[in-house]
Every structure is written in structure tokens, then in C-alpha cells.
Protein chains: 4
Amino acid sequence: MSADINDRQLRMAMIGGGPGSGIGDIHRKAARMDGQIALVAGAFSTNPEKNREQGKMQFVDPSRVYDSWKDMLDREAALPPDKRPDIVSIVTPNHVHFAPAKMALEKGFHVIMDKPMTLNVDEALELRDVVRKTGGVLAVTHAFATNAMVKCARDLVRQGKLGKLRKIVVEYPQGWLHALIEKDNHKQASWRTDPKLAGAGCIGDIGVHASHLSETVTGLRVIAVAADAAAVVEGRTIDDDFTALARWEGGVRGSIEASQISFGEGNGLAIRVYGDKAGLEWRFDNMDFLIIKYQDQPWEKWARGSTYVAEASPSAAQVTRCDKYHAEGYIEGFANIYLNFAKTVRAVIAGRKPSELDLDFPNVLDGVRGMAFIDAMLKSSANGGAWTDVAQY
Amino acid sequence: MSADINDRQLRMAMIGGGPGSGIGDIHRKAARMDGQIALVAGAFSTNPEKNREQGKMQFVDPSRVYDSWKDMLDREAALPPDKRPDIVSIVTPNHVHFAPAKMALEKGFHVIMDKPMTLNVDEALELRDVVRKTGGVLAVTHAFATNAMVKCARDLVRQGKLGKLRKIVVEYPQGWLHALIEKDNHKQASWRTDPKLAGAGCIGDIGVHASHLSETVTGLRVIAVAADAAAVVEGRTIDDDFTALARWEGGVRGSIEASQISFGEGNGLAIRVYGDKAGLEWRFDNMDFLIIKYQDQPWEKWARGSTYVAEASPSAAQVTRCDKYHAEGYIEGFANIYLNFAKTVRAVIAGRKPSELDLDFPNVLDGVRGMAFIDAMLKSSANGGAWTDVAQY
Amino acid sequence: MSADINDRQLRMAMIGGGPGSGIGDIHRKAARMDGQIALVAGAFSTNPEKNREQGKMQFVDPSRVYDSWKDMLDREAALPPDKRPDIVSIVTPNHVHFAPAKMALEKGFHVIMDKPMTLNVDEALELRDVVRKTGGVLAVTHAFATNAMVKCARDLVRQGKLGKLRKIVVEYPQGWLHALIEKDNHKQASWRTDPKLAGAGCIGDIGVHASHLSETVTGLRVIAVAADAAAVVEGRTIDDDFTALARWEGGVRGSIEASQISFGEGNGLAIRVYGDKAGLEWRFDNMDFLIIKYQDQPWEKWARGSTYVAEASPSAAQVTRCDKYHAEGYIEGFANIYLNFAKTVRAVIAGRKPSELDLDFPNVLDGVRGMAFIDAMLKSSANGGAWTDVAQY
Amino acid sequence: MSADINDRQLRMAMIGGGPGSGIGDIHRKAARMDGQIALVAGAFSTNPEKNREQGKMQFVDPSRVYDSWKDMLDREAALPPDKRPDIVSIVTPNHVHFAPAKMALEKGFHVIMDKPMTLNVDEALELRDVVRKTGGVLAVTHAFATNAMVKCARDLVRQGKLGKLRKIVVEYPQGWLHALIEKDNHKQASWRTDPKLAGAGCIGDIGVHASHLSETVTGLRVIAVAADAAAVVEGRTIDDDFTALARWEGGVRGSIEASQISFGEGNGLAIRVYGDKAGLEWRFDNMDFLIIKYQDQPWEKWARGSTYVAEASPSAAQVTRCDKYHAEGYIEGFANIYLNFAKTVRAVIAGRKPSELDLDFPNVLDGVRGMAFIDAMLKSSANGGAWTDVAQY
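Asks: Can you help me understand the packing of aromatic side chains in this one?
Replies: Two numbers describe a pair of aromatic rings. These are the distance of the centres and the angle of the planes. On inspection of all chains with the given rule, the structure shows 36 aromatic pairs over all chains. An angle of 80° between the planes, with centres 5.2 Å apart, marks the rings of Tyr330 of chain B and Phe334 of chain B as edge-to-face. You can see Tyr330 of chain B and its partner Phe334 of chain B sitting in helix α13 (residues 330-350), four residues apart, about one turn around the helix. Looking at Phe334 of chain B, the relative accessible area reads 3%, which means it is buried. Here the aromatic rings of Phe289 of chain C and Tyr325 of chain C are separated by 5.4 Å at their centres, their planes lie at 45°, and the arrangement is tilted. In this pair, Phe289 of chain C sits in strand β12 (residues 289-293) while Tyr325 of chain C sits in the loop between α12 (314-318) and α13 (330-350), placing the two residues 36 residues apart along the sequence. Given the relative accessible area of 14%, Tyr325 of chain C is considered buried. Clustering of aromatic rings is evident, with ring pairs tying together Phe144, Tyr172, Phe284, Tyr330 and Phe334 of chain A. Sitting over the ring of Phe109 of chain B, Arg84 of chain B keeps its end group 4.5 Å from the ring centre.

Structure representation (C-alpha cells):
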């Protein structure tokens, strides 16, 4: 009932996110931060002991902690309306993305899930069809391009501040896989470097963030790539570093670079976009600000939380929690998705049409495009770096 | 029962934080982020309509939304153990700090409250005595010095990395009160610039953060000040800017500067500390990092979330949520207090002795010292900037 | 003859700057950079061997290298017009500033000399009178406030960009005197820490730069100070650190802080100025840029070498050598003085009136004000930090 | 005679650098700064009036200002030993590099010239042979990779601080050619965008700096490129932007990106190098520092002028003029070449073997490699971005 939905928190079940899963913790903190969502059930780990441990740490009723996500979806779907979860959050490794998302949607849950959305394009397209058929809401946590100042950058580009776009440079250096730590029982590293569990390595783990960021800021899709990817660390069997020449719609030129073996780097996602009137730069390591660059007038530093950002970008204002110069961080990127996803889910449950502002989160189509990007990158790379079209669905 | 307390979220009632209260929102997000605390009751606003509106937005049971904080404390204290709040959060203007804190403690609640703790030293000392008498836990949200890298800085100083300390420089420029916005119905500005409601202006609002930061990092108390404070903006009747010469224990020299009229500044809290072996710098606008400065070896940039920080500072590690180079922000400073406060409250409820790590949050003694600092600053300022001792309690 | 002076380099004799004198080298490079000045004679060192060594390294005709600056001034003054130096550069320790400057002026040379101009106010006032009597040109190398972007800052303030000024904060942390290196035969340290040779320590060595920078940028004189200075390093007999509360003309408030014992710091001169319309920040460690700060519009980063800086500040344009974003450095600060000094000297020799742009360098009146500042600082400090007027001459 | 050469400045004739030539001014300031070189003759411009004007501004004897560089080389070569120039500096557009360099060498002058060394590889190889035949010294002003901290980076890489190298990323964004300013009588733009006068556009003007920087820092030659270059601005007939995938010796991977149409950018040359023990970053816009990046220890900021840099890199120390934290700038990059070139020329004239430290400047072989890089880039680009070997001579 619509009256009900406005008077209570959304109820969430989580798949994945057992003890030691960093990303599960981030999702939970993001979901909780704005008070819209309560965690009520979980299949956190396939290890029963760890699963129960996490349930207890999260204060979830033990009767709603399940060792199998299928069981959970089955049994939670059967609960009465005042207990039944509204949404399912999927934070498992990539090979356990598609099946639970499909089942959850088919059981009538709305789904928020980590990226890359699936293991391959076929799964992605099928999931798109499931979303269309079920009318469920699906969000993918491309949680960098949902930063407030990325939204502001996008809106400034839309408003013509940069003029006609000419060039895009995206970089994403990390260093954490500089050694073969997957042989040392490093949980995060071991599934991420296993082609069967991850699909792609650096391309799928962070390349897809870089690609999505470029599409978000510019409003232009990546249409072709020439990829130079490799497994740099000896003994590794999946790509851990790449540079790709790229073209975006309208023939805009540029490059996308990502790496997990760039020794010492943390999480250096950054984008520069140049038009014929101005340029812009946004860096994850200075995320609350956007630099607008001019030739014959001073560069400008736009600050999240300011009056002028709110005016230029209502989308940025909608996800702004702290005053200007009071930093937001990594978790807020996820929270921005959870917040808009929650608002959209509330609208759908209430039978209202979600607003454009509420719908501003990465959805199943972004997920499909991410998989098409990964697919083209792997093909180009296998083909000696030949220019390869990114399939457009 | 101790079994019970480990299996459930702590229940929180909030005083203040009505619609439009920025700081109330920050407290709520901080309290929720880590999943330890649920908001179950509130006296958010003395305006009944706004109070109900906030209750609804926070999904608080309407029967537990009270127009008077006294009513709330009375009635919530009478609830059965499985409903009764454990903690009370006080986020009102300064003149409504002391009375509700005292009453809440006396009713058996634990209290977390905004700074400055009270309107004056007498209230602060009385509150200290109430804490002692009731055995309640009291936290004051000096939420800058609880940043992970401030804790790391403190621990490095303790371990002798800087050698014998010689000089401390703290600065805190803001610009938001550059005009007489309190005459324009600006809610935040209007109580903060009213001596009766705020006690002190810039000194009480942010000077006390600067002072507390210096004491936290160095482990040395401010013992004397020579303050040059003024109401710079014409028409204002409370200090909006100051510079103070200062002495810390052991005769360490330096200065504390804060301003609310530094046009264009956001929230520029920063500290530099110099010893006879090294110097350090921490800036709120780069809060995830700590710079260690040497003469004849490279400066070092210490990153929150790293192995070496965890090793040097278990306190920093305890409040670290995101990987290194994945930024935390302003809210996490508050969340760090709520988290350790919650752990301490759980221990007290369970009859356990809280650990040193859990007790690492600003307590009633920090609050008393803050009021003594404000008092000395106001006296020195009224006395032409004469050197004035900060009373030590 | 005026025809002659436009067709040749100015000829310079140098006093001081023997082997190992860092500042002598800087002066020579600055003097040479723009091709206006040739070094033709020198009394580089009172040690005859070192003096000859430096002469040879500088390719000065051995017959014009003198062991005594008095001899040099006597004999060079007697040379015919086509050989006689036009200018004398004085780069000796402070106690050998006044006498050679006076004699040089009286012999008809123009003088450029290091700061602080003299040992005390009396010498400074006498030198001012000698300048007036002789009509000589005298420049003092306060070489920070002559940076192009400081000139731009000054011109923006003059043009009202900041509105009515309210607050000034100047800081100048250095770390090189953190230990008692003057006991280790450290030449720079040993005269600078000897009250008889230096007059004042940190106040005279760098405090005077900070004061001069504030006066240059704001156009307001320092009128009173309350100084907290000390010899922090055990065994030292001269001030090595201070913080001063300060007042500028019109009652503008703020502070000046300088230190030579701030472990790890290099040369951190920086100024922030706040008005009722905007704020500005200039830092020596980012000297090619000026940040203009606003509350409700983006901060601006003004770049030396740009069209908009040239338009706002012809003085900045006059001393700009490199394109925007092609860094200038420390030497250019000195070169800016030598360049304008040289242009002024050419005008005077040619009997022309120097232009306002050419006269834009620190002159004998800046030197006098520097000495008055030092004097007031020492008096205030000796008097327990009492507010002390800076004498205005 | 060797006695003579140590007792006097080197005499320099200049080709190019008329009024309005920015780079000519930079060369002259760099040559003068260290006092080793005097400008005694010039063929500054083919416009006789402008040529004389520059001669007068530079105080060059009018009888030694020539309208034709051939005349100048002829007649200056015939002067007696005590007047004859030692060196010729060539600062003309690219198509006037080869012929004067060849003739100058053949007349017995030593040559210092701007980059790219010639118009094409054939000219470069011939010039190499002329150098070998004549025994002349030739320096090419790749003036970025001669920065002190680039030398330090190179030496740290050589000493194994980064371990085995894995990845190199070089970027060089500029924005000044964002519009078709070459049609507006913009002198710098007009020859640089004319294929006949420049050879290549962005590749030749700045790409060659990026390539040279990578080879200097890593000690590895670029061996293959896959180039995506274009004339982005409508109406332009020469490349103004490129990204290239690249391989260095040993199969080290990475990319080189340069642009002259990146709106708002100034001169953003930067390099990141990653090994299996550490990473490094050097940026032209922070040229006095080198960042060393680690995973599990703090990043280090190495400062030019420090004791530890001098110890790790005597080459850096040799070209250090200012104390640490006292910035050097763009001109010093050129001065570093002039200084070492002058020392080498002095040694050659004196019949001494130049030291390794003195020979540390870009020479004719660097010039040849630069031309081979340009050649491979143009071929790859014309060939749809196919991987193309860089010829190794």
C-alpha cells in the first residue's frame, strides 16, 4: 500500500558480504546512512559459520539468515507484506551476479547489485529482458560516476559549458595486485584474478568504472576501442593492466587506461574532458571539487555543496549531505545510488512515476553497456589491439 | 542483560535536529552508518508541526515523537527494558545542552552531545559531577580530532616520532559569517551569533575544535592564552574572528587562529606540530593523510587504511572503514565517536570494562576543558589580550 | 650620456658574495638573467684568497677584485666614465650593510642591497637621508613581494576586488635552524644567530619579509604588534621563532608568524587576505598562481603569464618572462628587482623620469619600514608581548 | 689555449630569436644565468629592421649583427681567436635547424640548438655524422628532462629503487592551439602548424619531449608505437593531438599522450613509472619534487636541493642553484643544458676529457632518436595506428 511505503524504511535482504568482504560492509553502510533502508535478511556467506557470524554482527534475526541465497529468496518471498523485503542487494563475486539477480526480480524484489553486472554480454541482455518483463527496478553500483561532482560535470557538459567535445582521457591506476597475492590466500585477489569467477581482470574490475565514468560525464557512448591489455605479473592468467585508444559517439577521441599493478597507487580514477570552449577535470582523490579550465580566464574550482553547484546541477544537490568544504567520501558514492534507488523503489511500490532526479542511478542498461565494453576490450586485446566496435544494444 | 545487549542495536532518542538542522542530519547519518544504533524516539523541534514532520521523515513511531524533551525523557525512561532507549543524542543550540544532558543522565540514559558541551564552566563542572555520580557515559562530538589520521598523529607523537615538542600552530578559517546573515532569518547563524544562546561566537563554535585538536594531537593541555578576538562584521555583537597566542604544558609555544569572516574559506581546520626530530601537518581538507616533515630525508605521506598506519595506531585502525586511498569524510568523524561511544555503552550495559580503544572519544573532561578554554579566551579578550591562564580541572 | 646608457649593459660592482655565499650567487644570477647588467668589479670576501677565487670564477678582471670594499669604492669611483661601475650590489651580513651603502651612494653609485636594510632604525633613517641628498637609486631585495603574482594580488586589492579589507594572515615557517648548527661552523647560521652581526634573528631574517609582503599586497602599513618571540633552541641567544598579533592601517586585524625551528619546513611564506567581497591566498610554494576565494561562486586560480593577469596588473606583466604554466622561481623574484632597478637607473642616468612601472621595487622607504617593524617587534617582545606601535617615518 | 678558456666567458653567436620569439629569450636568459656565456653576435631575424632592433636590445655590437646566418658564420669564423665565438645557439623554426647546425660545426663552432633537432631522420643522421667528423659538441635543448629532479629520478631508477620496470605513462596536455590561431598571424602557431616548416605538429613540438623524458627517466628506449594522431581543429593540416600505445626496451608497456587542443591546459608534462618495488611520479608543474610511491610504506616526497637528493644524484646536485623549497623553474631546465654544455665545451677547447657529469645533456644521439620517434609516429598514424618499430641507430 502506498500509504504504508512512505511511513517505513525499505526492507533489504543481502546476498554476499560475509565477514572479510570489504565491499559488503561498504554497501551496508551506504544503505544505512540515509535511514531509508533496514537490513532484515541475509545469505552472507556459503560458509554456515561465517554466515551466522555476520548475521549476528549485523543484528539480523537469526531465523532470517540463510546459508543459500536461493532458500532465502524462496522463503523471504513467501513472507507476509509487512515483513517481506522490498529489495535485494547482491555483493557476491561476479559469477554469482546473474542468477540471484534474475531470481530476485522474478520473485518480485527490486535489485541493487555490484558491478560488473554479469559475467558476459549474454547474461546482461537476458537480465535486461527480465527487468523489462518484471517491471523491477535494478541498480548497478558503478559508485564513482554517482559522485555529486560527477553529476555536476555531466550537467555542465549538457548545458554546453565545454562547447563541442573533442577529447576524453580517463585513467584509473591501482597498485594492489603488483605481486601474485592471489597465491597467498588473499580472498579479494583470488576470485578477482580467476577468469572463471571474474570474467575479466582489470578490465572488468575497474576498466568498466572508467568507461562508465566517461559515458556519464560526456553523455557519449564508447563506440570503439583498440586495447593493449596484459597479465603483467608473472604467473597471473588474467589481465591486470591495460591502455586503450577509444572513440566515443560523434568521433570524440581519447583513451582509457587502468592498472592494478601500478606500484604504490591507491585508487586514482580521474577524467579530463576537453571541448572547444573549456576543459574539465575530476579526480576521485579530490572528489568534492570539479576544475573547469580555460585558456584566457582563471581556472575555476567548483565545490560540492555550494549554491552555484545546486543551481547548475539539481542532481548533485539531491545527493549532497554535507556543507561545502566538509568532505564526503567513498561511501557516499554508494549511498547516492542507494538513496535514488530507494526513492525510485518507493515510487514504484506506491504506483507513482519516479522523477528524473530519482532515476539518476546506473541501471540495467548501464550494466549492459559495461558488459559490451568488457567484451570489445577482450576481443580487441585478443586480436593484437585491433580497433573493435563496442556493440550497442 | 548482557546477552541481550550484544544481540541488538542500541536504541537512541534524539533532542534537536528538526527540519533544516544540518548538524542533526549529520548526527543521524553518523549514528546509523555502522549499524550499531537505531533512532527510536525524538524531540526534534519545539515547533510541533516541524517536529512531527521530522519524525515522519526519520520513520520514528509517531507515538514516540515529543514536542518537549522533558516529556520525552520522562516517558521514554518509563518504557520497559525492551523498548527503553539506551542513549540520548543532544544536537540543540548551546543553551539547550546542559539541562537535557543532566536530566538524561539522571534518568539513566547515556548521552552523546554536540560541542561546546555547555554554556559556561559552571554548567560543565556540574555535568562532570553528574556523570561521576550516575556512572553514565557521556561523549562530546568534537568530531574533527576523532579523524583516524588525527589519532595516528597523536599516537606518533606519543611514540616520540617528533621528539620533544616545541611549537604548535592551529588555524581554522571559515567564511560563512562574512555578512550579517543572522538578520536574514538564517537559522544557523541566528542562534550562533546570539551571546545568550551560544555563549561565545567563533571561540565557542570552532575555536574550541581547534583547541581540542591541539590537545588531542600533542597530549598537552592549553595552559594560557593571549586572545585578540572581535566582532568584525558591523552590527554583530559576538566574536566572529580571533587569533590567540598560546602556551601548552611544558611551555610549548604557538598560536590558535579561527575565523568565520575569512571570505571564501570553507572549513579550513589544520594543525602543524614541530618537535626536535620531525614536524607533522594534518589538514581537514586532506583528512585521510598525515604529512611527516623532515629536514634531511623526504617528507612522508601517511595514508589512512594502510598497514603501517594500523601498526602505528590501532586507534586509527579501529575507526577505519574504507581501504587506503578510498576517501572517508566529514560524517565519519562523527561516526567514529558514535562507534566508540556505542562500544563503550555496550560494555557498560553488559557490566564489562570498556577497552582503552573503545574509550577513545571526547568525554566530559574534554567538554570541561573546552569550556575552560572558552572562558579564558573571553577573559583575555575582555582584558585587552592579556595572558590568561586556562583553568585546569 | 643618455645615448651611451641605452647602448650598453649597466656595470656592477659587488660587495660580499664570496665562495659559499648562497645569496651572492642568487644575486649574480638574478642580475645577469635579463642581460641588463654586467659584473665588472668585486670585493667578494675579506679573505684575500677566497676573494681572488671568486673573482676568477666570475671572470672579473683581477685588477678589479679588491680585498676591501672601501678600496673598491674609492678606486672604482675614480675610473673614467666608460669603465666606472653604475651600480653597487651589497650582499654582506647585516652589520656590513649601512657603511658600504652610504659610501657607495656618496661616491655617486646606485645601490641594490640585501635585507634587512641596516642593523637598526637610526642607520636606516640616515641612509634614507643619504639617498635624498645624493639622488641615488636604492633598492632593497625583499625578493618575495616582488613576485609577479604578488604584484597582481596588490593590484587586484587596489582595484577593490576584495572589497574593504578585514583580516590578514601571514606565515613563514622554516626549519633549518632546528638545531644549534651555528656551533658547527655553519657560515650562514653563525652570523645570522649573532645579535651583533644580525641585529635580530628570525624577526630580521624572515619576519621582515613577511611584514613587507603584507604591506605590499594590502597597501596598508603594519601599525602595531604584540610579539611573542623567543630563542627556542637551547643555547641560542637570538630569536628563532615568533608569532605576532598585528594591526594594519585602518584597524585591519591579523597575525604574522615566522619560524626557523619548524622542523622539516622549507620556505613556507604565505599570505591570506580577506575583505568583505572576496579573499585571496598566495603561497611562495605555488608562486605562479593566486587563488581568489568566494563564498557563492567558484574559487579562481589566476595564472602568471595569462592575458587576464596582464590586463589586471601591468606590473606583473612587466616582470613576466615565461608563458603561463611555465614556472618561474626564486631567482626571478630577485631578477624582478634587478630589472626594474636597472630600468630606473638607466632613466636616472639618462636624465629621464622613471616610470611608475619601473619604480616598482622595494626602495629605501621599504627598508626604513622594515627596520621600524623589527624595532617594534623587539620592543614588544622584551616587554612581555605588550602591544607596541610601529614607528611611522 | 686552455689557460685562456678558463679565464673568460664563452662567446656565443645566436641564430634566430628575433623580437617576439619567446624561445629565443628563454635561451638567452638560460645562457646568461650562470655567467659562463656572453652573447657577442647574432642573426636574430631575416627582417633587417627587427634584426637590428634585437641586436640593440641585447647590447650586441652592431657590426656583429647579421641579416643572414650564413654571412654570420662566415665572417665570425674569420675573426681572431680573442673575438671569435666558441658556440652557436640555434633557436629558429625546425626547417632552419639542420643547415646552420651543419655549417656551424664545419666552421669549428660548437652548437646548441632547439628541438626537434631536424626536419627528418635523414638530416638527423647526417648531422650525427658531421658531429663525429668535426669533433664538435652538439646539445639539443630537450629542456624538461634536464630538470634536476628528472635526473634524480633517472638515478634512482638506475640504482634499482623501483625494481624491474613494468609500466610507463607519459602525458603532455597543452591547450594553446584549441582554435585555428595560425590564421590570425600568430607567429608561434603559424610555423608550428605548417608541415613544411615544422615537419610534424604536436608529435614534433611536444611529443618528442614526452618520448625523451621517458627514455631519460627509465634508461629504456622507445622501440615501438601504435599512434592515434589527428588534426582535431577544423581547418588544420597537421597533427595537434595524439595518444600512442608504446613499448620500451625489455617489453615495458605504457603510453604517451600529448595534445595542443586540450582546452585550458598549460604545459602539463608528467611521467609515472612503475616497477615491481616502487613507483615514481614527476610533474613539470611541481618540478622541484619527485614522488616515490609504495604500497605498504608512506609515499615519499623528494625535494631538489636536499642532502639526500645530492647523495642519490650528483647529476641533480650539479645543476642545483637554489636551496630546497626555493623553487627553480622553466628557465633553469634550459640553463642546466647550457651549463653542462659550457663545461663540456671548455673541456674540449682545453683539450681535457669532459666528465660524465658535464656530459649529462641531450646530445646529437638524443636528437637522432627524437627524429626516429617522430618518424615512427607519423608512419603508424598514416597506417591506421598499426604497431610500428622506432628505428634504432
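And the narrative resumes.
Asks: Would you take a moment to explain the relation of the copies chain D and chain B for this structure?
Replies: A rotation about an axis combined with a shift along that same axis relates the two copies of the chain. Expressed as a screw transformation, the operator carrying chain D onto chain B has a rotation angle of 180° and an axial translation of 0.0 Å, and the superposed copies differ by an RMSD of 0.0 Å. Interpreted geometrically, this transformation is the action of a two-fold axis. No C-alpha of chain D lies nearer the rotation axis than that of Glu300 of chain D, which sits 2.4 Å from it. Comparing contact sets, 100% of the residues at the interface of chain D also lie at the interface in chain B, consistent with an isologous, same-surface contact.

Asks: Can you help me understand the side chain of Gln54 of chain B in this one?
Replies: All names here are of chain B. With respect to the element layout, Gln54 can be found in helix α3 (residues 48-57). Here Gly17 takes part through its backbone oxygen, which lies 2.9 Å from a polar atom of the side chain of Gln54. The residues contacting Gln54, other than those within four sequence positions of it, are Gly17, Gly18, Pro19, Arg28 and Phe44.

Asks: Please clarify how the relation of the copies chain A and chain D should be interpreted in this entry.
Replies: Once chain A has been moved 0.0 Å along the axis and rotated by 180°, it coincides with chain D to within an RMSD of 0.0 Å. Here 100% of the contact residues of chain A are again contact residues in chain D; the copies associate through an equivalent surface.

Asks: I tried to follow the state of the cysteines on my own but got confused; where do I start?
Replies: Here, disulfide denotes a covalent bond that connects the sulfur atoms of two cysteines. Under the criterion given, the structure shown has zero disulfides over all chains. The thiol of Cys322 of chain B is unpaired, and the distance to the nearest cysteine sulfur, on Cys322 of chain A, comes to 13 Å. Judged by relative accessible area, which is 3%, Cys322 of chain B ranks as buried.

Asks: Where do I start with the pattern of salt bridges in this structure?
Replies: Close approach of charged atoms allows side chains of opposite charge to pair. Tallied over the entire structure, the rule returns 157 salt bridges over all chains. When the shortest N-O distance is used, the salt bridge between Glu281 of chain A and Arg283 of chain A registers 3.2 Å. The exposure class assigned to Glu281 of chain A is buried, which follows from its relative accessible area of 15%. Judged by relative accessible area, Arg283 of chain A falls into the partly exposed class, the value being 27%. Close ionic contact of Arg64 of chain B with Glu76 of chain B constitutes a salt bridge, the shortest N to O distance being 2.6 Å. Highlighted residues: Arg64 of chain B in the loop between α3 and α4 (69-77) and Glu76 of chain B in helix α4, separated in sequence by twelve residues.

Asks: What should I look at first to understand the sheet that holds strand β4 (residues 110-113) of chain B in this one?
Replies: Sheet strands line up and pair through hydrogen bonds in the backbone, either parallel or antiparallel. Residues and elements named next belong to chain B. If you walk across this open sheet you meet the five strands as β2-β1-β3-β4-β5, and the pairing is parallel. Each of the sheet's edge strands pairs with one partner strand only, and the pair in question is β2 (37-43) and β5 (138-140). The average undirected angle you get between the axes of adjacent strands in this sheet is 20°. Contacts between α13 and the sheet are confined to β1 (10-15), β2, β3 (87-90), β4 and β5, with β4 contributing the most and set at about 170° to the helix.

Asks: Where do I start with the pairing of strand β11 (residues 279-283) of chain C in this structure?
Replies: Walk down a regular strand and you will see the side chains alternate between the two sheet faces. All names here are of chain C. Extensive coverage of β11 is indicated by the burial of four of its five residues. As defined by bridge partners, strand β10 (residues 270-275) adjoins β11 across five bridges and the pair is classed as antiparallel. Paired with Tyr274 across the two strands is Gly279, which belongs to β11. The pairing of β11 with β12 spans three bridges and is classified as antiparallel. The partner of Leu280 across the bridge, within β12, is Ile292. Between β11 and β12, which pair antiparallel in sequence order, lie five residues.

Asks: Help me understand the side chain of Asn94 of chain B, please; the structure alone is not making it clear to me.
Replies: Residues and elements named next belong to chain B. Locating Asn94 in the fold gives a position in the loop between β3 and α5 (98-106). Judged by relative accessible area, which is 3%, Asn94 ranks as buried. With near-sequence residues (within four places) excluded, Asn94 lies in contact with Lys115, Pro116, Thr118, Leu119, Trp191, Leu197 and Ala198.

Asks: Help me understand the sheet that holds strand β2 (residues 37-43) of chain C in this model?
Replies: Residue and element names in this part refer to chain C. Across the sheet, which stays open at both edges, the five strands sit in the order β2-β1-β3-β4-β5 with parallel pairing between neighbours. Whereas interior strands pair on both sides, the edge strands pair on one side only; in this sheet they are β2 and β5 (138-140). Between one strand axis and the next, the sheet turns by 20° as a mean value, whatever way the strands run. By the bridge criterion, four bridges tie strand β3 (residues 87-90) to strand β4 (residues 110-113) in an arrangement that is parallel. Paired with Ile90 across the bridge in β4 is Met113.

Calculation notes
- Residues numbered from 1 in each chain as written.
- Chains lettered and ligands numbered in written order.
- Predicted model: local features only at pLDDT ≥ 70, side-chain atom pairs only at ≥ 80, totals over all residues.
- Heavy atoms only, no water.
- Phe/Tyr/Trp six-rings, centres within 6.5 Å; stacked < 30°, edge-to-face > 60°.
- Helix = DSSP H or I, 4+ residues; strand = E, 2+ residues; numbered from the N terminus.
- Buried < 20%, exposed > 50% of the residue type's maximum accessible area, 1.4 Å probe, protein only.
- Lys NZ or Arg CZ within 6 Å of the ring centre and 35° of its normal.
- Least-squares fit on C-alpha atoms with pLDDT ≥ 70 in both.
- Contact = heavy atoms within 4.5 Å.
- Polar contact = N/O pair within 3.5 Å; in protein donor to acceptor, adjacent residues only side chain to side chain.
- Disulfide = S-S within 2.5 Å.
- Salt bridge = Lys/Arg side-chain N within 4 Å of Asp/Glu carboxyl O.
- Pairing = 2+ DSSP bridges.
- Axes fitted to C-alpha atoms, helices over the stretch in contact; angles between N-to-C directions.

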